[in-house]
Amino acid sequence: MNRPATILLTALAPVSWGTTYAVTTQFLPPDRPLFTGLMRALPAGLVLLALTRVLPRGVWWAKAFALGALNIGAFFPLLFVSAYRLPGGMAAVVGSVGPLFVVGLSALLLGQRPGGRTLVAGVVAAFGVSLVVLKGAGALDVIGVLAAVASTASMAAGTVLTKRWGRPDGVGPLTLTGWQLTAGGLLIAPVAFLAEGAPPALDGRAAGGYLYLALANTALAYWLWFRGIGRLSATQVGFLGPLSPLTAAVVGWAALGQALTPLQVAGMALAFGATLAGQLGAGRRPSFSSTEETARKDSMDLTGRAPRR
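Residues numbered from 1 in each chain as written. Predicted model: local features only at pLDDT ≥ 70, side-chain atom pairs only at ≥ 80, totals over all residues. Heavy atoms only, no water.

Asker: Would you take a moment to explain the overall build of the protein chain for this structure?
Answerer: Of the regular secondary structure elements, the protein chain holds 15 helices and 0 strands. Looking at the protein chain as a whole, 51% of its 309 residues qualify as buried. Here the analysis covers contacts within the protein chain between residues at least 6 apart in sequence; of these, 89% occur between residues at least 24 apart. Within the structure as shown, the protein chain displays about 13900 Å² of accessible surface, and the carbon and sulfur contribution to it stands at 69%. (Helix = DSSP H or I, 4+ residues; strand = E, 2+ residues; numbered from the N terminus. Buried < 20%, exposed > 50% of the residue type's maximum accessible area, 1.4 Å probe, protein only. Contact = heavy atoms within 4.5 Å. Areas by Shrake-Rupley, 256 points an atom, 1.4 Å probe, with all protein chains shown as cover.)

Asker: Help me out: how do you make sense of the pattern of salt bridges in this one?
Answerer: Applying the stated rule across the entire model yields 1 salt bridge. Notably, a salt bridge pairs E196 with R32, separated by 3.4 Å at the nearest N-O pair. Separated by 164 residues along the polypeptide, E196 in helix α10 (residues 173-196) and R32 in the loop between α2 (20-27) and α3 (33-52) bring together distant segments of the chain. For the pair formed by E196 and R32, the shared burial category is buried. (Salt bridge = Lys/Arg side-chain N within 4 Å of Asp/Glu carboxyl O.)

Asker: Teacher, can you tell me more about the packing of aromatic side chains here?
Answerer: Centre distance and the angle of the planes are the two values used to describe a pair of aromatic rings. Per the counting criterion, the structure on display carries 7 aromatic pairs. Taking the centre distance of 5.9 Å and the plane angle of 45° together, the rings of F75 and F76 count as tilted. The pair formed by F75 and F76 is uniform in burial state, with each residue classed as buried. Counting every residue linked through ring pairs, the aromatic cluster contains W17, F75, F76, Y222, W225 and F226. (Phe/Tyr/Trp six-rings, centres within 6.5 Å; stacked < 30°, edge-to-face > 60°.)

Asker: Which parts of the structure should I look at to understand the confidence of the model for the protein chain?
Answerer: Low pLDDT marks stretches whose predicted atomic positions should not be read closely. Scored by pLDDT, the protein chain comes out at a mean of 84, with 86% of its residues at no less than 70. Low pLDDT, under 50, characterises residues 285-309; the stretch is placed with 42 contacts to residues that sit more than four places away or in other chains. (pLDDT = per-residue confidence, 0-100.)

Asker: So what exactly am I meant to see when it comes to the nonpolar core here?
Answerer: Nonpolar side chains tend toward joint burial in soluble globular proteins. One finds W17, I72, F76, Y222 and W225 to be the most contacted residues of the largest nonpolar core, which totals 29 residues. Of all elements in the fold, only α1 (3-17), α3, α5 (75-85), α10 and α11 (204-231) reach the threshold of two or more residues within this core. It is α11 that provides the largest number of residues to this core, a total of 7 residues. Setting aside chain neighbours within four positions, we find Y222 in contact with W17, R40, N71, I72, F75, F76, M155, T177 and L181. Listed in part, the 9 residues of the second largest apolar core include W60, L161, W165 and V171. (Core = buried A, V, L, I, M, F, W, Y, C linked by side-chain atoms within 4.5 Å.)

Encoded structure:
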């Protein structure tokens, strides 16, 4: 599959994540963010494990739990804490700097030095998202800000490490997705039950909402995301992240009757243009460095064979 098609398919992941707010507010029980994170991750992971019937081996038990913690187990709770404690769209604004985190970690762990256009595109994307979602002033909660920064850094680190470690020989992105979702869900479960107590009673609307989040919003979306990480540079994938808050704004306008001001529309155009520029700026393959050689060795399975590409 050519690169533009891969980018478009990978972009469906953050687009899907952008519907999470509307589904949560319209269909799910209120004030249960950790339980919602658990219901997104663990059922989806178990379904994928049942479909693939492949478990990690050797060092990949530790790697699967590390990636599951970064991409799911830590990311979900931190994201919800920031969303509940910060005013307006501040959490989304902090999250929109994710491409810059990915750029920095890619330089450190993958030996991919960013160009000036890539850095400018990351700043412009964050600025555009801020115009879309940042609506009001208000005192900033320190814990909320720290949680937002930590959630963004966690997802960025998970994206870069997923690229660095690759996959074991014969293991596809669907299997890797199942490992991470299951590991992340198992890490969230005790925190959710300790902090929120027993699960709430669910009606048909809530059950349907959780089913959508688990299957389309999580299992399918994360499979596309990790598939994209395997075929694109980490920076290219990271630059797709701002599509999530932009989609949330569009869904709010189209489905929830939330008005969009001309300034917000301009911000959407800026962020979307910066996302496209980020794809072009990160599209060139870097030279094969010693860091990437280490990454290649790290992704080998116990037999010493390199993973299939």
